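# Structure assessment
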Amino acid sequence: MSQINKAACVGGGVIGGAWVARFALAGIDVNIFDPHPEAERIIGEVMANAERAYGMLTMAPLPPKGKVTFCKSLEDAVKDADWIQESVPERLELKRGVLTQIDAAAKPDALIGSSTSGLMPTDLQRDMKHPERLFVAHPYNPVYLLPLAELVGGEKTSKATLEAAKAKLAPIGMKGVIINKEIEAFVGDRLLEAVWREGLWLIKDDICDTETLDDVIRYSFGMRWAQMGMFETYRIAGGEAGMRHFLAQFGPCLSWPWTKLTDVVDLNDELVNKIADQSDAQSGARGIRELERIRDQNLVGIMHALKAGDDGKGWGSGKLLAEFEEHLWAKAGKAKVEVSANEPLRLVDTKVNAAWVDYNGHMTEHRYLQLFGDTSDALLRLIGVDFAYVEAGHSYYTVETHIRHIGEAKLGQALYTTLQLLASDSKRLHYFTRIHDAATGDVIATAEQMMLHVDSKAGKSVDAPADVLAKIKPIAEAHAKLATPEGAGRSVGQKHK
Ligand SMILES: NC(=O)C1=CN([C@@H]2O[C@H](COP(=O)(O)OP(=O)(O)OC[C@H]3O[C@@H](n4cnc5c(N)ncnc54)[C@H](O)[C@@H]3O)[C@@H](O)[C@H]2O)C=CC1
Ligand SMILES: C[N+](C)(C)CC(=O)CC(=O)[O-]
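Fair warning: this is a prediction, and the values are worked out from it, not measured in the lab.

### Observations concerning empty space enclosed by the protein
- Evaluation of the coordinates by the stated rule reveals 1 cavity of 30 Å³ or more.
- Of the volumes computed, that of the largest cavity is approximately 90 Å³.
- What lines the largest cavity is Arg22, Tyr54, Leu57, Tyr144, Leu145, Pro147, Gly173, Met303, Ser317, Leu320, Leu321 and Phe324.
- Counting residues per element, the lining of the largest cavity draws most heavily on helix H13 (residues 316-332), at 4 residues.
- Across the lining of the largest cavity, the residue classes break down as 9 nonpolar, 2 polar and 1 charged.

Spelled out as structure tokens, the structure:
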């Protein structure tokens, strides 16, 4: 798969900093050039929030974090990069100058993306010697979580550049969408600008305040848009007669005074103060980083929900997340797990991240189940039950779990899990998993679980195929020689009379 080996970010503000996080968390070394005196602190804070978000987003094995290097000059930052992302302020002359400088210092085959929200790539590439490799890669905030980049070429951009950019975004979990023709503000910001302009009128005319307007979005069509966009949503709104009926019913609104789009609001001091004051009243009690964390946690939740969408096949950005995870698992390769008659299988190594910690200051209970589940998944991969196997219609389902909490796991603590097969037959896997403190080996929690092999389409248990059973056999034979774990077979509380 085509991949970025070294990235450079020129401009490390809201968007540049989040690009840095996206690259580094995908294991790519990133150079940064940003003359802002506090660039290092700001990007450090963005990185911390991004890492927290990834901790919640996925349990797939992220590669070791890429090295983040702050460079003293633009030339130093870009000279050995194969993807350079420009994210300086939205001013044509500034961007054009910076891009021309990048063009002169970069390797001739490096791709150069601009984060511009709406400037035309033809205008940006005007003075470049190699304009064919310049394109717009317009992302959405936060870049490290929202996967879309609109890819837009100018008159001199080659088709190959856009295709290469799209291919290189996939392994970092992003969806590059190539826009047919360049146009100011592309597709996303055309739509957002329309809603934004309307919103400004609604505030100016005292129809509602900023909080009410935001509530109208987030309690209604904002949720719809996260999963189906506009046209699929409106097709459903046409009822059984679909899109034609929708257009017939709501078409006349186009000539009613339902929008003030062509009439642009005067963003004078009075309106600026009104919006800023209402926004302070709405959200000023929380700092920006705190708001970012709340936003990120919500976005992660939405993506998780979408990953389970369409009966588990995944939908929209959730499907993309599942594909990214599949790629991460494949890249990490099959875990080199030692099957031995002396000890259980060591299957997962991890760390307690911030999102796992509860109000008691330690790992919260459902994260134990998550870790036990991840260990079960690791066992399944070991015996050949991988994504392709599940997609083909069979899987193992957990039918029983008994967890014991023995110690505590604190923020940042390194953990690993071990699994001992207690019994197995053609349908069943009965096993005992321990979560250990990585420093001492002490057991922090145990789970005894049973999984059943199923035909997931028929919704019933069936025998596992011979090749899977053949992979279980050596594990079962080795683990038969291990002592039965203390705690296996226990029930909760005192024995019933
Ligand atoms: N903020 C947003 O929601 C989004 C912004 N964008 C686009 O991203 C670009 C950057 O916007 P933001 O990150 O919001 O702006 P920002 O103001 O947060 O960051 C701009 C950064 O560029 C640095 N900078 C200024 N001149 C520079 C130079 N000559 N070389 C290197 N660094 C330089 C500044 O020090 C600053 O850190 C713009 O083109 C914007 O349209 C795209 C998507 C969303
Ligand atoms: C406001 N904005 C034009 C900078 C917005 C964007 O470009 C995309 C986004 O993240 O909303």
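### A closer look at the site of ligand 2
- All residues adjacent to ligand 2 are Ser117, His138, Pro139, Tyr140, Asn141, Asp189 and Leu192.
- Here an oxygen atom of ligand 2 and a side-chain polar atom of His138 are 2.7 Å apart.
- Separating an oxygen atom of ligand 2 from a side-chain N or O atom of Asp189 is a distance of 2.7 Å.
- In the complex, the protein chains occlude 52% of the 330 Å² of accessible area that ligand 2 would expose alone.
- The set of elements that each furnish at least two residues to the shell around ligand 2 consists of strand E6 (134-139) and helix H7 (188-204).

### What to know about the site of ligand 1
- The environment of ligand 1 is made up of 22 residues, and the closest members are Ile15, Asp34, Glu90, Lys95 and Ser117.
- Within the backbone of Ile15, a nitrogen or oxygen atom sits 2.9 Å from an oxygen atom of ligand 1.
- Lys95 places a polar side-chain atom, nitrogen or oxygen, 2.7 Å from an oxygen atom of ligand 1.
- With the chains in place, 73% of the 830 Å² that ligand 1 exposes on its own is no longer accessible.

### Focus on the nonpolar core
- Ranked by size, the top nonpolar core spans 73 residues in total, and within it Phe23, Trp83, Tyr144, Leu145, Ile383, Tyr396 and Leu429 carry the most contacts.
- Per element, the largest residue contribution to this core is 8 residues, and it comes from helix H2 (residues 39-57).
- Three or more residues apiece are contributed to this core by two domains, here domain 1 (6-184) and domain 3 (334-480).
- Those residues in contact with Tyr396 that sit more than four places away from it in its chain are Leu380, Ile383, Val385, Lys427, Leu429, Met451, Leu452, His453, Ala464, Val468 and Ile472.
- Formed by 25 residues, the second largest nonpolar core is a distinct cluster that contains Val78, Ala105, Ala110 and Met128.

### Comments concerning the side chain of His436
- Position of His436 among the secondary structure elements: in strand E12 (residues 428-437).
- We classify His436 as buried; its relative accessible area is 8%.
- A polar contact is formed between the side chain of His436 and the side chain of Thr418, at a distance of 2.8 Å.
- Engagement of the side chain of His436 in a polar contact is seen with the backbone oxygen of Gly441, the distance being 2.9 Å.
- For His436, the residues in contact, after removing those within four places along its chain, are Ala414, Leu415, Tyr416, Thr417, Thr418, Gly441, Asp442, Val443 and Ile444.

### Details of the packing of helix H1 (residues 14-25) against H2
- Two elements in contact, H1 and H2, have axes separated by 9 Å at closest approach and are oriented at 50°. With respect to their mutual orientation, H1 and H2 come out oblique. Handedness of the H1/H2 crossing: right-handed. Residues Gly17, Ala18, Val20, Ala21, Arg22, Ala24 and Leu25 of H1 pack against Ile43, Val46, Met47, Ala50, Glu51 and Tyr54 of H2.
- Here the contact of H1 with H2 is built from residues that sort into 10 nonpolar, 1 polar and 2 charged.

### Structural notes on helix H4 (residues 92-105)
- Compared with the 20 Å implied by 1.5 Å per residue over 14 residues, the 20 Å span of H4 between its first and last C-alpha is a close match.
- Within H4 the residues assigned to the buried category are Lys95, Arg96, Val98, Leu99, Ile102, Asp103 and Ala105.
- Looking at the packing, one finds that the buried side of H4 touches strand E1 (6-10), helix H3 (74-78), strand E4 (83-86), strand E5 (111-114), helix H5 (121-124) and E6.

Basis of the calculations
Residues numbered from 1 in each chain as written. Chains lettered and ligands numbered in written order. Predicted model: local features only at pLDDT ≥ 70, side-chain atom pairs only at ≥ 80, totals over all residues. Heavy atoms only, no water. 1 Å grid on protein atoms, 1.4 Å probe; cavity = no way out; pocket = protein on both sides within 12 Å on 5 of 7 lines; lining within 4 Å. Points joined across faces, edges and corners; volume = space filled by probe spheres on them. Helix = DSSP H or I, 4+ residues; strand = E, 2+ residues; numbered from the N terminus. Nonpolar A, V, L, I, M, F, W, Y, C, P; charged D, E, K, R; others polar. Near = heavy atom within 4 Å. Polar contact = N/O pair within 3.5 Å; in protein donor to acceptor, adjacent residues only side chain to side chain. Areas by Shrake-Rupley, 256 points an atom, 1.4 Å probe, with all protein chains shown as cover. Core = buried A, V, L, I, M, F, W, Y, C linked by side-chain atoms within 4.5 Å. Buried < 20%, exposed > 50% of the residue type's maximum accessible area, 1.4 Å probe, protein only. Domains from an automatic or database assignment. Contact = heavy atoms within 4.5 Å. Axes fitted to C-alpha atoms, helices over the stretch in contact; angles between N-to-C directions. Parallel < 35°, antiparallel > 145°, perpendicular 65-115°, else oblique. Left-handed = near helix turned anticlockwise from the far one by under 90°. Expected span 1.5 Å × (residues − 1).

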